[in-house]
Amino acid sequence: MAENFNQHSDISAADLTRLSQEAKAEATPSTARIIWDEFKADKPALVALVVVVGFIAFVMIASLFIDTPKMMETNIMNYFDRPGTNGLWLGADSGGRSVAQQLIVGSRNSIGIAIGLTVISSTFGICWGLISGYYNGYVDWGMQRVYDFMMMLPMTMMIIVLVTIIPHYNAITLTLIFSIFYWEGTSRLIRSRTLAESEKDYVAASKTSGTSNLKIIFREIMPNISSLIIVDTTLSFAENIGVETGLSYLGFGLPTQTPSLGTMIANANDPNNITQYWWTWLPAALEIIILCLSISYIGQVIRRAADSSQRQGAAD
Amino acid sequence: MWKTILRRILIMIPEVIILSILVFLLAKAMPGDPFTGSINPKADPAQIHHLMKINGLYDPWYQQYWNWVVHLFHGNLGQSYQYQEPVTRLIAGRATNTLWLALVTMVLTYAMALPMGVFAGRHEGKLPDTVIRVYTYVTYCIPFFVILVLGIWVFGYVLGWFPTTGSIATDANGWLQTIGSRFYHILLPAILGALFGTVNIVQYLRSEVIDAKHSDYVRTARAKGVPSKDIYRHHIFRNSLLPIAAFAGYSITGLLNGSIFTETVFSYPGMGLLFINSISYRDYTVITALVLIYGILNLLGTLLSDIILSVVDPRIRIE
């Protein structure tokens, strides 16, 4: 093809490759590339990224080697062992169960639910926001009233009530119950951006040329606000870790036989534990703080990468 | 403006109706019935059957709902089984505790957030701004209940500065001592709540101040020779204050939702702790009443904020 084309023009094949290479070099780098440059420019962010990814990978793999029912067995000989005794790195709790092992399995459960919750609630919130913002008019009005109603519900209370009504709940039903109440923030953000986006010329042009609404929404508007979506998803992931652990802390998250970071912090409800046996709850509390701070920091860096005026990496 | 407020209130009515139906159905879906608590080995099943019949528990749900609503408007929320006390009286006692806690928290939040916001805006991009930005970032990210637990550990148990449970000391006599003891019990949860609830106000005020810095009236004031301190204190702050006041409504909703955690951690006998206790005792009448009250308070909080905002900011009014 290229040779054919060249017969009618005076650009040689070598010129063509050179030109296309130049064009490639000058083109805007891909989103992934921009985000990576931003991380390389900000060392603490790189550390946060390594910590989060490494920790999640470690927890997922290590928990495979832990026999959960055996771990949750009471072992009275190890009653409140101090950290470092009997080969227990972080000591044992009131049932003589290893805190370190519970921490690993608990982190896997908490992070797993947070991931599931983020995927479901963000997907729903994004679709809701896109449709509400794009169609405007009556559709938007109706969807906004549903939004208002959901915002009015006392979320924590509703979740607790639902958890008590459902007789046999597990991690999946729990994630679904959480998802009912945690899509509003995303949907509002996406809606306001979609409202602005759908007034732009490319949308109008696409409409005139007969593109279907669904295609405009998901193939044209959504890619254009993808950076916002990535940032929002990262930040809500950090938030969702707090949601699950908080409910488990109150005793309405995962069942007591399934360790979670929240149920471990709930050890602190006992005045004896909180003062004398600090190792039963403090590691879990510190872990949540470090995880949430790191994930949010990663989110901030991605937000910076999305906004070209704030970038620190790779001056363009 | 009146149109906006009226429209806003009209939209509220169906919301409250749907909420009440939802709450009612949830209460119906919970296991057990109002007489489960009074069942004992001596109770005759036929008698309980009769009791359920005369109390209308075999009626269709819409009829039961209607009866419930009629009782609601008479201020009758039923009887608590756990406390053997009318729910209205039970909640009224707890509500004062929760509202005092919320009030003190809110006063402290504003007392900290307002100077911080103005300060950060005034020194935009300099060290104080960076420090405040890091502070708001950290407080925003960490889940609130973790902070409460760490707070009660450090200040309540290790340092022993604050009481760790209850709303009043048992040996408090006289009104001065009573008020003092109550305030002392509220202080630590309120300080923690305030420290970790300033984010929205600080960020909003900061951007308002930064916008105002470059506006014409500030330039005029500067040209007339008004000292910088007075510009910030009287001109900019005065102008940014009203939108900030609108946050009060949203703060109420946030504090109410947080009250469940705060009161559980500090064993503070308010509505949040009452809710958690009622759930574990399956005290359905109390649960229903509390969910309804929280929902309506949420609604009123948002309404308040929206009204203040529409008064202050003509752009969001409905034509």
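- An unreviewed UniProt entry lists chain B under the name ABC-type dipeptide oligopeptide nickel transport system, permease component, with Levilactobacillus spicheri DSM 15429 as the source organism.
- Quoted verbatim from the Subcellular location (unreviewed entry) field of the UniProt record, the comment on chain B reads "Cell membrane".
- For the record of chain B, the UniProt heading Sequence similarities (unreviewed entry) holds the text "Belongs to the binding-protein-dependent transport system permease family."

- Labelled according to an unreviewed UniProt entry, chain A appears under the name Peptide ABC transporter permease, originating from Levilactobacillus spicheri.
- UniProt's Subcellular location (unreviewed entry) comment on chain A is quoted here verbatim: "Cell membrane".
- Taken directly from UniProt, the Sequence similarities (unreviewed entry) text for chain A runs: "Belongs to the binding-protein-dependent transport system permease family."

**Structural notes on the overall build of chain A**
In step 1: Helix and strand counts for chain A stand at 16 helices and zero strands.
In step 2: Looking at chain A as a whole, 47% of its 316 residues are labelled buried.
In step 3: Pairs at least 24 residues apart make up 69% of the contacts formed inside chain A by residues separated by at least 6 positions.
In step 4: Just so you have it, chain A exposes about 15700 Å², and 62% of that area is on carbon and sulfur atoms.

**Considering unusual backbone geometry**
Glycine aside, negative phi is the norm for most residues, and most peptide bonds take the trans geometry.
In step 1: The phi angle at Ser267 of chain B is positive, at roughly 45 degrees, despite the residue not being glycine.
In step 2: Of note, Ser267 of chain B is situated in the loop between helix 10 (228-265) and helix 11 (271-281).

**Comments concerning the state of the cysteines**
In step 1: What the rule picks out here adds up to zero disulfides over all chains.
In step 2: With no disulfide of its own, Cys292 of chain A has Cys141 of chain B as its nearest cysteine by sulfur position, at a separation of 7.4 Å.

**Considering the packing of helix 4 (residues 87-122) of chain B against helix 7 (residues 174-195) of chain B**
All names here are of chain B.
In step 1: Running from N to C, helix 4 and helix 7 cross one another at 50 degrees; their axes reach a closest spacing of 8 Å. When the interaxial angle is binned, helix 4 and helix 7 end up oblique. The chirality of how helix 4 crosses helix 7 is right-handed. Across the interface between the two elements, Asn97, Trp100, Leu101, Val104, Thr105, Leu108, Thr109 and Met112 of helix 4 pack against Arg182, Phe183, Ile186, Pro189, Ala190, Ile191, Gly193, Ala194 and Leu195 of helix 7.
In step 2: Classifying every residue of the contact of helix 4 with helix 7 by side-chain character gives twelve nonpolar, four polar and one charged.

**What to know about the pattern of salt bridges**
Residues and elements named next belong to chain A.
In step 1: In this structure the tally under the stated criterion is eleven salt bridges over all chains.
In step 2: Among the salt bridges present, the one from Asp140 reaches Arg191, with a minimum N-O distance of 2.8 Å. Taken together, the residues Asp140 in helix 7 (residues 137-152) and Arg191 in helix 10 (residues 184-197) connect sequence positions 51 residues apart. For the pair formed by Asp140 and Arg191, the shared burial category is buried.
In step 3: Ionic pairing is found between Arg145 and Asp148, a salt bridge with its closest N-O pair at 2.8 Å.

**Here we look at the UniProt feature "domain: ABC transmembrane type-1" (unreviewed entry) in chain A**
In step 1: This chain's UniProt record puts "domain: ABC transmembrane type-1" (unreviewed entry) on residues 107-299 of chain A.
In step 2: Structurally, residues 107-299 of chain A comprises 80% helix and 0% strand, and the distance from its first C-alpha atom to its last is 20 Å.

**A closer look at the UniProt feature "transmembrane region" (unreviewed entry) in chain B**
In step 1: UniProt's entry tags residues 9-27, 99-122, 134-162, 182-205, 241-266 and 286-312 of chain B with the feature "transmembrane region" (unreviewed entry), counted in the numbering of this structure.
In step 2: In residues 99-122 of chain B, the share of helix is 100% and the share of strand is 0%. The end C-alpha atoms are 34 Å apart.

Parameters and conventions
Residues numbered from 1 in each chain as written. Chains lettered and ligands numbered in written order. Predicted model: local features only at pLDDT ≥ 70, side-chain atom pairs only at ≥ 80, totals over all residues. Heavy atoms only, no water. UniProt positions renumbered as here; feature names shortened; annotations may be inferred. Helix = DSSP H or I, 4+ residues; strand = E, 2+ residues; numbered from the N terminus. Buried < 20%, exposed > 50% of the residue type's maximum accessible area, 1.4 Å probe, protein only. Contact = heavy atoms within 4.5 Å. Areas by Shrake-Rupley, 256 points an atom, 1.4 Å probe, with all protein chains shown as cover. Disulfide = S-S within 2.5 Å. Axes fitted to C-alpha atoms, helices over the stretch in contact; angles between N-to-C directions. Parallel < 35°, antiparallel > 145°, perpendicular 65-115°, else oblique. Left-handed = near helix turned anticlockwise from the far one by under 90°. Nonpolar A, V, L, I, M, F, W, Y, C, P; charged D, E, K, R; others polar. Salt bridge = Lys/Arg side-chain N within 4 Å of Asp/Glu carboxyl O.

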